[in-house]
Amino acid sequence: MTDSAAATPSRLRRLVTSSNLRRFAIYVAVGLAGFAVDFGLLVFFREVVGTPVWVATTIAFWASLAVVFLTNKYVTFGARGMAHRQIVRYFVLLGVNYLATLGIIALADRLGVGYQVGKVVAVAMTTLWNFFVYQLWVFREAERPPAPSSPTVGKE
């Protein structure tokens, strides 16, 4: 067995800790808040302001993405700095999620279980893997070089 293969179970154990379960609960709460922002703004701009549904959807979608990104960055994962790299990674992940969602919904529809079931499965899958991808890639801090050791001058 290789060193990396042997290390995989220990990595999994580190991911499933009480602090990560707490973090996952916060992550789910942030997702629900994002949904509330998305849905609330959609209804507000469509019903109160009277904008066309596509405009209301666009405003709501981008506003909820901003809320979810920033809240996950600072609250859920406590990431600081490197916002440009995190945003690029976030959008790469959005693209992967979009393609996965299209595929899952198409498969569900083709299997005859309906696109609605496919959407539920896609949301469940992307929600789960996003948590780990956010933690391990999107919001991961850059590796810091080790602190220089103290000089040994005069300690010969």
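Above this text is the structure in question.
The model shown is predicted, which means the values in this text are computed figures rather than measured ones.

### Points about the nonpolar core
Right, so step 1: The biggest cluster of nonpolar side chains holds 13 residues, and the ones touching the most others in it are Tyr-27, Phe-77, Tyr-90, Tyr-134, Val-138 and Phe-139.
Right, so step 2: Contributing elements (two or more residues each) for this core: α2 (18-49), α3 (53-76), α4 (83-111) and α5 (115-138).
Right, so step 3: Look past the residues within four positions of Tyr-27 in its chain and what remains in contact with it is Asn-72, Thr-76, Phe-77, Thr-126, Thr-127, Asn-130, Phe-131 and Tyr-134.

### Let's talk about a nonpolar patch on the surface
Right, so step 1: Taken together, the side chains of Leu-107, Leu-111, Val-113, Val-117, Val-121 and Met-125 define a hydrophobic patch exposed on the protein surface, amounting to about 520 Å² of accessible area.
Right, so step 2: Listing elements by their share of the nonpolar patch, those giving two or more residues are α4 and α5.
Right, so step 3: In terms of residues, the nonpolar patch owes the most to one element, α5, which gives three residues.
Right, so step 4: Examined against the element boundaries, Val-113 turns out to sit in the loop between α4 and α5.
Right, so step 5: Here Val-113 falls in the partly exposed class, since its relative accessible area comes to 47%.

### Observations regarding the environment of Thr-51
Right, so step 1: Looking at where Thr-51 falls in the secondary structure, it is placed in the loop between α2 and α3.
Right, so step 2: Given the relative accessible area of 15%, Thr-51 is considered buried.
Right, so step 3: Ignoring anything within four residues of it in the chain, the contact list for Thr-51 reads Phe-45, Arg-46 and Ala-56.
Right, so step 4: From its side chain, Thr-51 meets the backbone oxygen of Phe-45 in a polar contact 2.8 Å long.

### Brief notes about the environment of Ala-79
Right, so step 1: Position of Ala-79 relative to the elements: it lies in the loop between α3 and α4.
Right, so step 2: Ala-79 gets classed as buried once you look at its relative accessible area, which sits at 0%.
Right, so step 3: When sequence neighbours within four positions are dropped, the list of residues in contact with Ala-79 reads Lys-73, Tyr-74, Gln-86, Phe-139 and Glu-141.

### What about the environment of Trp-54?
Right, so step 1: Of note, Trp-54 is situated in helix α3.
Right, so step 2: Among the residues examined, Trp-54 registers a relative accessible area of 61% and is labelled exposed.
Right, so step 3: C-alpha separation for the pair Trp-54 and Leu-42, spaced twelve residues apart in sequence, amounts to 9.3 Å.

### A look at the packing of aromatic side chains
Right, so step 1: Per the counting criterion, the structure on display carries 17 aromatic pairs.
Right, so step 2: Pairing Phe-24 with Phe-131 gives two aromatic rings, centres 5.0 Å apart and planes at 90°, and the pair type is edge-to-face. A residue pair is termed long-range when its members are at least 10 positions apart, and Phe-24 in helix α2 and Phe-131 in helix α5 qualify at 107 residues.
Right, so step 3: Residue classification places Phe-131 among the buried positions, given a relative accessible area of 3%.
Right, so step 4: Where Phe-77 meets Phe-139, the ring centres are 5.6 Å apart and the plane angle is 20°; that geometry is what we call stacked. Here the residue Phe-77 occupies a position in the loop between α3 and α4, and Phe-139 occupies one in the segment after α5, the gap between them amounting to 62 residues.
Right, so step 5: On the basis of relative accessibility, which here comes to 10%, the residue Phe-77 falls in the buried class.
Right, so step 6: Aromatic ring contacts, followed pair by pair, group Phe-24, Tyr-27, Phe-61, Trp-62, Phe-69, Phe-77, Tyr-90, Phe-91, Phe-131, Phe-132, Tyr-134 and Phe-139 into a single cluster.

### Brief notes about α5
Right, so step 1: The end-to-end C-alpha distance of α5 is 29 Å, clearly below the 34 Å that 24 residues give at a rise of 1.5 Å each.
Right, so step 2: The largest bend in α5 is about 25°, located at Phe-132.
Right, so step 3: Buried within α5 are the following residues: Gly-118, Ala-122, Thr-126, Asn-130, Phe-131, Tyr-134, Gln-135 and Val-138.

Procedures and definitions
Residues numbered from 1 in each chain as written. Predicted model: local features only at pLDDT ≥ 70, side-chain atom pairs only at ≥ 80, totals over all residues. Heavy atoms only, no water. Core = buried A, V, L, I, M, F, W, Y, C linked by side-chain atoms within 4.5 Å. Buried < 20%, exposed > 50% of the residue type's maximum accessible area, 1.4 Å probe, protein only. Helix = DSSP H or I, 4+ residues; strand = E, 2+ residues; numbered from the N terminus. Contact = heavy atoms within 4.5 Å. Patch = residues over 30% accessible without salt bridge, like charges linked within 9 Å, V, L, I, M, F, W, Y side chains within 5 Å. Areas by Shrake-Rupley, 256 points an atom, 1.4 Å probe, with all protein chains shown as cover. Salt bridge = Lys/Arg side-chain N within 4 Å of Asp/Glu carboxyl O. Polar contact = N/O pair within 3.5 Å; in protein donor to acceptor, adjacent residues only side chain to side chain. Phe/Tyr/Trp six-rings, centres within 6.5 Å; stacked < 30°, edge-to-face > 60°. Expected span 1.5 Å × (residues − 1). Bend = angle between axes of the 7 residues up to and from the residue.

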